[in-house]
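What follows is the residue order along each chain.
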Amino acid sequence: MSMADLNAMTLAELKSLEKKLAKAISRFEMREKKKALAMLKAKAKEMGFSLDELAAEAAAQPETVRPRKKVAPKYANPMDLTQTWTGRGRRPAWVKDALEAGKSLDDLTI
């Protein structure tokens, strides 16, 4: 179907085509999922497991996420001591302003 064919269609025809496309896409995705599931089941069986057994095992084990350690601040804004910075990540605006004013990071050290 060319763009000219689409431009010649009425709104009702386009909406009907849209519904047909949505159904076709949904059916295609369902077929692909069934194929993938069959392949996974076959591979699990080949390795001596059931897919349900593997899925249950995976669900039971929490993801290993390494917790980040809290870092103590190294620098403080001399004008407002509640504003601190650890020295990691992006420099806060008050640090940039202080450096532009001729101060050094050593001047901002806590």
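Predicted, not measured: the structure shown is a model, and the values here were computed from it.

Q: How should a nonpolar patch on the surface be read in this particular structure?
A: Together, Met 47, Phe 49 and Leu 54 line one region of the surface with nonpolar side chains, adding up to about 280 Å² of accessible area. Summarising the element assignment, Phe 49 is placed in the loop between helix H2 (11-46) and helix H3 (51-60). For Phe 49, a relative accessible area of 38% corresponds to the partly exposed category.

Q: Where do I start with H2 in this structure?
A: Over its 36 residues, H2 extends 52 Å from the first C-alpha to the last, a length consistent with the 52 Å expected when each residue adds 1.5 Å. Phi turns positive, to about 90°, at Gly 48, one or two residues after H2.

Q: Would you take a moment to explain the side chain of Asn 77 for this structure?
A: In this structure, Asn 77 sits in strand S1 (residues 75-77). A polar contact of 3.0 Å, which involves the side chain of Asn 77, links it to the backbone nitrogen of Met 79.

Q: Explanation requested: helix H4 (residues 93-100) in the structure shown.
A: Given 3.6 residues per helical turn, the α-helix brings residues three or four places apart onto the same face. Turning to H4, its buried residues are Trp 94, Val 95 and Ala 98. Taken down its axis, H4 places every buried residue within 100° of arc, on the same side. Opposite the buried face of H4, at more than 90 degrees from it, the exposed residues are Ala 93 and Glu 100. Its buried side turned inward, H4 meets S1, strand S2 (80-85) and helix H5 (105-108). Two residues or fewer after H4 comes Gly 102, characterised by a positive phi angle close to 100°.

Cut-offs applied
Residues numbered from 1 in each chain as written. Predicted model: local features only at pLDDT ≥ 70, side-chain atom pairs only at ≥ 80, totals over all residues. Heavy atoms only, no water. Patch = residues over 30% accessible without salt bridge, like charges linked within 9 Å, V, L, I, M, F, W, Y side chains within 5 Å. Areas by Shrake-Rupley, 256 points an atom, 1.4 Å probe, with all protein chains shown as cover. Salt bridge = Lys/Arg side-chain N within 4 Å of Asp/Glu carboxyl O. Helix = DSSP H or I, 4+ residues; strand = E, 2+ residues; numbered from the N terminus. Buried < 20%, exposed > 50% of the residue type's maximum accessible area, 1.4 Å probe, protein only. Expected span 1.5 Å × (residues − 1). Polar contact = N/O pair within 3.5 Å; in protein donor to acceptor, adjacent residues only side chain to side chain. Arc of directions from axis to C-beta. Contact = heavy atoms within 4.5 Å.

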